[in-house]
Amino acid sequence: EIVNFTMFTPTPLSQVVLMGLVFFFVFSAFLTIQAFASDTYGEDLGSKMATALYLSFSFFSFVSPSVTNKLGAKMTMFWGTVGYAGLVAASLLYFENLDKKL
């Protein structure tokens, strides 16, 4: 059976609402991770992690409009959230190998 998605026609308003919801959930997840990192990594490593993340935000804010024009909003948001997944994966690896020598 084919699902009819006519009610999800991409209008400018629906795209703005969808992007707003995506950013809301991505940044609320990030704030949770950041609070968790500062508690578990300690203030020094947690602040270094946040500094590196915000520096990458600062750098990529200059190139992201060009990338968005080239790839489109969906792909840009997908690849932008892959960075968060990498951060979480690195955190999990850190805690997994905390007692072991790397």
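A brief structural summary. (Residues numbered from 1 in each chain as written. Predicted model: local features only at pLDDT ≥ 70, side-chain atom pairs only at ≥ 80, totals over all residues. Heavy atoms only, no water.)

### Some words on the overall build of the chain
Argument step 1. Secondary structure summary: the chain contains three helices and zero strands in total.
Argument step 2. When its helices and strands are written in sequence order, the chain yields α-α-α.
Argument step 3. By residue count, 14% of the 102 residues in the chain fall in the buried class.
Argument step 4. Summarising the internal contacts of the chain: among those between residues at least 6 apart in sequence, 72% fall at separations of at least 24.
Argument step 5. Here the chain displays about 8,300 Å² of accessible surface, and carbon together with sulfur accounts for 72% of that area. (Helix = DSSP H or I, 4+ residues; strand = E, 2+ residues; numbered from the N terminus. Buried < 20%, exposed > 50% of the residue type's maximum accessible area, 1.4 Å probe, protein only. Contact = heavy atoms within 4.5 Å. Areas by Shrake-Rupley, 256 points an atom, 1.4 Å probe, with all protein chains shown as cover.)

### Focus: the nonpolar core
In a soluble, globular protein the nonpolar side chains are often hidden away together inside.
Argument step 1. By size, the foremost hydrophobic cluster in this structure holds eight residues: Val-26, Phe-30, Ala-37, Tyr-41, Met-49, Leu-53, Tyr-84 and Leu-87.
Argument step 2. Elements with a minimum of two residues in this core: α1 (12–40), α2 (43–71) and α3 (73–96).
Argument step 3. Leaving out residues up to four positions away in the same chain, Leu-87 has contacts with Phe-30, Ile-33, Met-49 and Leu-53. (Core = buried A, V, L, I, M, F, W, Y, C linked by side-chain atoms within 4.5 Å.)

### Let's talk about the packing of aromatic side chains
Working definition: an aromatic ring pair is given by the centre-to-centre distance plus the angle between the planes.
Argument step 1. This model, assessed by the stated rule, comprises three aromatic pairs.
Argument step 2. Between Phe-59 and Phe-60 the ring centres are 4.9 Å apart and the planes differ by 75°, which places this aromatic pair in the edge-to-face class.
Argument step 3. Relative accessible area serves as the criterion here: at 51%, Phe-59 is assigned to the exposed category.
Argument step 4. Between the aromatic rings of Phe-78 and Trp-79, the centroid separation amounts to 5.0 Å while the plane-to-plane angle is 75°, which identifies the pairing as edge-to-face.
Argument step 5. The exposure class assigned to Phe-78 is partly exposed, which follows from its relative accessible area of 44%. (Phe/Tyr/Trp six-rings, centres within 6.5 Å; stacked < 30°, edge-to-face > 60°.)

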